[in-house]
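Summary of structural features
Next come the chains, spelled out residue by residue.
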Amino acid sequence: MGPISAEKLSELQSNASSVRNICILAHVDHGKTSLSDCLLASNGIISQKMAGKVRYLDSREDEQIRGITMESSAISLYFRILQHNSDGSNEIKEHLINLIDSPGHVDFSSEVSTASRLCDGALVLVDVVEGVCSQTVTVLRQAYLEQIKPVLVLNKIDRLITELKLTPLEAYTHMSKLLEKVNAVMGSFFASERMEQDVELQEDGTVLELDDEHLYFAPEKNNVIFASAIDGWGFTVQQFAIIYEKKLKMNRAVLEKVLWGDFFFDSKAKKVITGKSLKGRNLKPLFVQFVLENIWAVYDCTVLNRDSEKTDKVVKALDIKILSRDLRSKDIRSLLSNIFNQWLPLSTSVLVTVIKQVPPPTDAQRNRIPAILNTAPRADLLEPVLKQAMLNCDASGPLSVFVSKMVAIPEEELPKSKQSKNQNEDVDFLQRARIAREAAKKAESEAKEQNGESLQGNFSESQPSSLAAALAEYNLNEGREEVEPRKKDALIGFARIYSGTLSVGDEIYVLGPKFNPLFPTKHVTKTTITDLYLLMGRELLPLDTVPCGNVVGIGGLDGSVLKSATLYSCQGGINLAGVNLASAPIVRVALEPERPSQLPQLERGLKLLNQADPCVQIIIQETGEHVILTAGELHLERCLKDLRERFAGIDIQSSKPIVPYREAIVRGSDMKEPKNSELPRGTVITKIANEQFSIRLSVRPLPEAVTNVLLKYKDSIHILQTHKVSGDVAKETYADEKDIEVLKNDDKASESFDIDNDEDDEAFSGADILSLDGLRSKLEEAFGTVQNSREIWSGVVDKIVGFGPKRVGPNVLIDSTFNGLSQRILSKNPETKRLPFQDGILTAFELATLTGPLCAEPMQGVACTIESIEVNQEDESENLASAVSKHTGQIVSSVRDAIKTGFLDWSPRILLAMYSVDIQAPADVLGRVYSVIAKRHGRVISEEMKEGTPFFNIHAILPVVESFGFSEDIRKRSSGAASPQLIFAGFEMLDEDPFWVPTTEEELEDLGEIADKENVAKRYMDAVRRRKGLFVEEKLVKNAEKQRTLKK
């Protein structure tokens, strides 16, 4: 089948019922791009023999080198299917399938999120040998949350034959267990959602019955494909039911239900029986007997035990035509592919299943749009006309488009650039040729005049030299070899049209991710669509008009869209919820150009990178340093490569990766005596302005349960702090809002960079937003679980006056003074007047918790209580407020230092950012894997063997600071047999005091005065202090010896 023509494309796009939008999701190296190649080969885009090798949709050079996908790529496929009508007639139906190939590496989970939002269905690939991996669960959850129809593809079945050497019966048992595991994952999503709904319904007293039957994969439902993408074959149970219905003289529908499962064929009675009717007979399941044994036979005669005679018999039995030269070929893989391409072509089984299982946009949007609107802020303000058009996928209704990400494409690869470039070259060549001809004529006439000859005379001998000189002066190739300027990149919006028809030249409203319908004039811009493109992998095809239900590339959004946006043709729309990014950017690197004069190029490059990558964050710190935040080491490497070669085009220096820490305190057994023996531990009295003001405060560790509540519901705290409204109003206005940009960033974030000066790298929690009463009850419940010192924490919720750092952190400021120093945030009857000491002490608390005393990292789990404030004014006539305002600076600095002093009175600890590590490795390399993990201060949590395979699944945790080079180290030590997946898993306390030194006789005897055992916490702390330019206490010379000077 040849490539699709533009006319046919327009015809199919206008018929939404013939369109399917699907994405391919899977763990890394489970065969997504190989499957895509097979589908492309069916459309004649690449050769059938090159399918699985060319990796067509991996258009980046580093993708081809590494063999993994890093960016989502889209392509449109044409497919015809013979449909049987109810009246007995047959009809050829034509379909357009928009396919998006997404990455499987955890660092690029944001690409999976953007791809799934645009699609109505997904092909979820699972390697039958490796089974359900960490990223498999992630993509299944993404499909469940986005409510897209998944189709399971059990890929790499050839590995069961060639690597594991399983028999057909063993392979059937293995795949049955794998199918159960995948369904268990889907069931867990439903169960967790059902539990949340039950809690809400119990309050109302209603009972809701929900059916989860549609979630599960079952071959008899035709939503499971058995495949080997590398060998180009695949099938569903339905295909074999069609093959065997005449041979077995059975109804096709019945055969589809019994070909998979505990069903057997009684050859004597010529009927299908169940396992209960076996009566001791050793029969094989139908799937083994009629399906797997045939596939095993093909592999046996071609790959495992090459047998030409047997191969001929198999070819004749399958009734396929293979050339004799192919049968004699020594390339056994080519012979295998030829047989399967005619017998069980993968593209046919996949595309037929997609057409039958994945709903068209007209049906899919009725189910998906309500779920998408539920995650959008103030969906009730959406115009009814727009909502109805989106639900019905109405091409004649008002326009609504969701742009999930921006794609950077070199300008020279755009269709109009190619066309204009060719035209300009032709024009330049013709113009130079015309000038050369005129010069030649002029030289000819001058030569004739000089020689006194008439127009009919012959040319003189000097004329050729004059002509040659003229032609040399106007060389036709002049100017063709010029130094090309740096390639520029254009930004194309990767979008899905939900309603209406989008045309070139349309004026549209662009709603940014921070748009709120309550403020309809903010974060809205108007722009004109300059180009529309059909995304065809590495190529773009220009379009004039695209109706709803299609995936499209949009030009003209540069400057209007940062990362994602919603487009409307009229006002009254809402911001469709932002894409949920599964991997939080945790690794940060400071950048600078090698030549300081090239800083503007770096800034332009960072702006382009920020728009083109949905996960990366750009920060300009107070020092003017440019910092990028990425999801992991591989993501960082790709971003730096893009900056150097594409977006900035300059040499860039990068710092060592910067990893965030947290500082905390605990009640340790080895704590030193309090600095002030007359006061309780952590209590400090600070005197300010010649003892005019005396402030007594105490610092103590927060209970762990309270810290967890503050971390989980920090978005609720942010709303209460920012909007200064009651919790109920906040819940009504912003409930279920998932876009961090609306809640977290200020107006500056809509500019080129996200300007943020703090060290907070945690992802937006996405938890439900609580009302004021809900937050109070959660905190009271957490404080109630404290066993020791219950009297300290009783009634403390009403005394909380601040959270820190940045007013939302996991630290609390408590006001225990008699008259009160500030407004109670969580009080049901808050005071409205501002008190004199309020601003100074709150600012000091924010500064202290933002930069702790250990290494200027944010604190976590610290409670600061203001116990008393004494005022001794020299001038009693002076107003207290004016006296405090004069000394605000001293109050801020003194209280900040006092909080840090109280912090150090306890046993300080550092919290490390941690990765959750999943490694799959064979038994012979387990020891090497364990040694690499131990060397990097990691900890193995669990190890289990995958049943039916020689592989072990290892689950461990590893400090992010020790993770750089970890993947490469694992691969080297295991000779490529093991490859880890690292997912950010939050912060974990390193239970070691960075200031600990051996003091007791036993410690000195065991470790010596210099402590032979390294203090890891001190090493981490000193490294951060050294990077930040803080004082580091260290000996420059250790174990020095006097040099002996020999006399002559």
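Refer to the structure presented above.
Okay, so let's go over this structure.

1. A word on the overall build of the protein chain
In terms of regular secondary structure, the protein chain is built from 33 helices and 33 strands. Within the protein chain, buried positions represent 53% of all 1048 residues. Of the accessible surface of the protein chain, which amounts to about 50,400 Å², a share of 49% is contributed by carbon and sulfur atoms.

2. Points about helix H10 (residues 286-304)
If you look at H10, its biggest bend is around 40°, right at Leu292. Those residues of H10 lying buried are Leu286, Phe287, Val288, Phe290, Val291, Leu292, Ile295, Trp296, Val298, Tyr299, Cys301 and Thr302.

3. Observations regarding the sheet that holds strand E23 (residues 652-654)
In space, the 4 strands of this open sheet follow the order E21-E22-E20-E23, with antiparallel pairing throughout. The strands lining the two open edges of the sheet, one partner per strand, are strand E21 (617-620) and E23. Strand-to-strand twist across the sheet, computed as the mean angle between neighbouring axes with direction ignored, equals 30°. For strand E20 (residues 587-593) and strand E22 (residues 626-630), the ladder comprises 5 bridges, and the chain directions are antiparallel. Within the sheet, the bridge partner assigned to Leu591 lies in E22 and is His626. In the packing of helix H19 (residues 599-612) onto the sheet, the strands contacted are E20, E21, E22 and E23, and the crossing angle to E20 comes to about 145°. Against the sheet, helix H20 (residues 633-647) engages E20, E22 and E23, with an angle of about 135° to E22.

4. Focus: the packing of aromatic side chains
Summed over all chains, the structure comprises 22 aromatic pairs. Taking 6.5 Å as the distance between ring centres and 70° as the angle between the ring planes, the aromatic pair formed by Trp233 and Tyr299 counts as edge-to-face. On the criterion of sequence distance, the pair formed by Trp233 in strand E7 (residues 233-235) and Tyr299 in helix H10 is long-range, its members being 66 residues apart. Both residues of the pair, Trp233 and Tyr299, belong to the buried class. When the centroid spacing of 6.2 Å and the interplanar angle of 40° are considered together, the rings of Tyr661 and Tyr1020 count as tilted. Here Tyr661, found in strand E24 (residues 661-666), pairs with Tyr1020, found in helix H33 (residues 1016-1028); they are 359 residues apart in sequence, far enough to count as distant. Judged by relative accessible area, Tyr661 falls into the buried class, the value being 5%. Just above the ring of Phe402 sits the side chain of Arg117; from NZ or CZ to the centre is 5.4 Å. Just above the ring of Phe519 sits the side chain of Lys522; from NZ or CZ to the centre is 5.6 Å.

5. Remarks on a negative patch on the surface
A contiguous patch of negative charge on the surface is contributed by Glu592, Glu594, Glu625 and Asp651. On the secondary structure map, Asp651 appears in the loop between H20 and E23.

6. Description of the environment of Ser76
Of note, Ser76 is situated in strand E2 (residues 73-84). In sequence terms Ser76 and Met536 are 460 residues apart; their C-alpha atoms lie 6.1 Å from each other. Of the polar contacts made by the side chain of Ser76, one reaches the side chain of Asn98; its length is 2.7 Å.

7. Remarks on the side chain of His174
Within the element layout of this structure, His174 appears in helix H7 (residues 168-204). If we ignore the near neighbours within four places in the chain, the residues touching His174 are Val128, Val129, Leu160, Leu166, Glu947, Gly948 and Thr949.

Cut-off values and rules
- Residues numbered from 1 in each chain as written.
- Predicted model: local features only at pLDDT ≥ 70, side-chain atom pairs only at ≥ 80, totals over all residues.
- Heavy atoms only, no water.
- Helix = DSSP H or I, 4+ residues; strand = E, 2+ residues; numbered from the N terminus.
- Buried < 20%, exposed > 50% of the residue type's maximum accessible area, 1.4 Å probe, protein only.
- Areas by Shrake-Rupley, 256 points an atom, 1.4 Å probe, with all protein chains shown as cover.
- Bend = angle between axes of the 7 residues up to and from the residue.
- Pairing = 2+ DSSP bridges.
- Axes fitted to C-alpha atoms, helices over the stretch in contact; angles between N-to-C directions.
- Contact = heavy atoms within 4.5 Å.
- Phe/Tyr/Trp six-rings, centres within 6.5 Å; stacked < 30°, edge-to-face > 60°.
- Lys NZ or Arg CZ within 6 Å of the ring centre and 35° of its normal.
- Patch = residues over 30% accessible without salt bridge, like charges linked within 9 Å, V, L, I, M, F, W, Y side chains within 5 Å.
- Salt bridge = Lys/Arg side-chain N within 4 Å of Asp/Glu carboxyl O.
- Lys, Arg positive; Asp, Glu negative; His and termini not counted.
- Charge placed at Lys NZ, Arg CZ, Asp CG, Glu CD.
- Polar contact = N/O pair within 3.5 Å; in protein donor to acceptor, adjacent residues only side chain to side chain.

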